[in-house]
Amino acid sequence: MDEEELQNTVFPGDRVVASMINMHFCGQPSEIKKDEAKVTLTTREDMEVDSGITHTGFVQAAAGFAALCAINKKNSIIIGSDVKFLAPVETNQTVEFKAKTVLGDMRKCEVKVEGFVLNIKIFDGMFYIVIFDKKLFKLKLKDDKEL
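In what follows, the accompanying structure is described. (Residues numbered from 1 in each chain as written. Predicted model: local features only at pLDDT ≥ 70, side-chain atom pairs only at ≥ 80, totals over all residues. Heavy atoms only, no water.)

## Observations regarding the packing of aromatic side chains
Our working rule: Any two rings among Phe, Tyr and Trp, with Trp reduced to its six-membered ring, count as a pair given centres within 6.5 Å; such a pair is stacked if its planes are under 30 degrees apart, edge-to-face if over 60, and tilted if neither. Secondary structure follows DSSP: runs of H or I at least 4 residues long count as helices, runs of E at least 2 residues long count as strands, and numbering of each begins at the N terminus. Any residue under 20% of the maximum accessible area for its type is buried, any over 50% is exposed, and the rest in between are partly exposed; the area is computed with a 1.4 Å probe on protein chains only. Definition used: whenever NZ (Lys) or CZ (Arg) falls within 6 Å of the ring centre and also within 35 degrees of the ring normal, the charge is taken to sit over that ring.
Under the defined criterion, the tally for this structure stands at three aromatic pairs. Plain terms: the ring middles of Phe85 and Phe123 are 5.6 Å apart, the flat faces sit at 65° to each other, and that makes the pair edge-to-face. Highlighted residues: Phe85 in strand 6 (residues 76-85) and Phe123 in strand 9 (residues 120-131), separated in sequence by 38 residues. Judged by its relative accessible area of 36%, Phe85 is partly exposed. A network of ring pairs unites the aromatic residues Phe85, Phe97 and Phe123 as a single cluster. Positioned over the ring face of Phe116 is Lys98, at 5.1 Å from the centre of the ring.

## Considering the nonpolar core
Selection criterion: Residues belong to a common nonpolar core when they are buried Ala, Val, Leu, Ile, Met, Phe, Trp, Tyr or Cys residues joined through side-chain atoms within 4.5 Å. Whether two residues touch is decided by their heavy atoms; if any such pair falls within 4.5 Å, the residues are in contact.
Ranked by internal contacts, the top residues of the largest apolar core, which has 29 residues, are Phe97, Val111, Val113, Ile122, Phe123 and Ile129. Only strand 3 (36-42), helix 3 (56-71), strand 7 (94-104), strand 8 (108-117) and strand 9 provide two or more residues apiece to this core. Once residues within four sequence positions are removed from consideration, Phe97 is found in contact with Ala37, Lys38, Val39, Leu41, Val59, Ala62, Ala63, Ala66, Val113, Glu114, Gly115 and Phe123.

## Observations concerning helix 3
Selection rule: What a helix should span is 1.5 Å times the count of its residues minus one.
For helix 3, which comprises 16 residues, the first-to-last C-alpha distance of 23 Å matches the rise-based estimate of 22 Å (1.5 Å per residue) to within 8%. The positive-phi residue at the C-terminal boundary of helix 3 is Asn72, with phi of around 50°.

## Observations regarding the pattern of salt bridges
Selection rule: A side-chain nitrogen of Lys or Arg and a carboxyl oxygen of Asp or Glu constitute a salt bridge if their distance falls within 4 Å.
The tally for this structure, following the rule as stated, stands at six salt bridges. A salt bridge links Glu31 to Lys33; its shortest N-O distance comes to 3.8 Å. In this structure Glu31 comes out as partly exposed when scored by relative accessible area, which is 26%. For Lys121, the salt bridge identified is with Glu114, shortest N-O distance 2.8 Å. A residue is classified by how much of its surface remains accessible, and Lys121, at 30% relative accessible area, is partly exposed. Under the relative-accessibility criterion, Glu114 is labelled partly exposed at 22%. Residues joined by salt bridges that share partners form a network here, namely Lys112, Glu114, Lys121 and Asp124.

In structure tokens form, the structure reads like this:
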């Protein structure tokens, strides 16, 4: 790894987005660089929609997580996506998602994500992300007596 690559590398422990995410269902970051990320999802039986077939929601969730990791900025929210599922994912398969920012400015970003099982492309998507200055939701729930 040359000096420029090392400067652009963010180690998975330095990830600032999605700190509370359940990696069992959304994948494990294996590489995070400036405007790029890789996330690996290993599917399991508790993700099945039918015997042996993983529900596409887990595939999309892992792809979205990869997109957020590519941005890696606090207060990032996915506001939309255009996705294509190109093949089903079987139980106990490993899917590698590669995310790359294609358009990024201070507030809005577009991230292209591709998913592969072995060398077969099974997912293609574009995620639209907005970055806020501060945490978007600060809910103050009223006491039941006030209702």
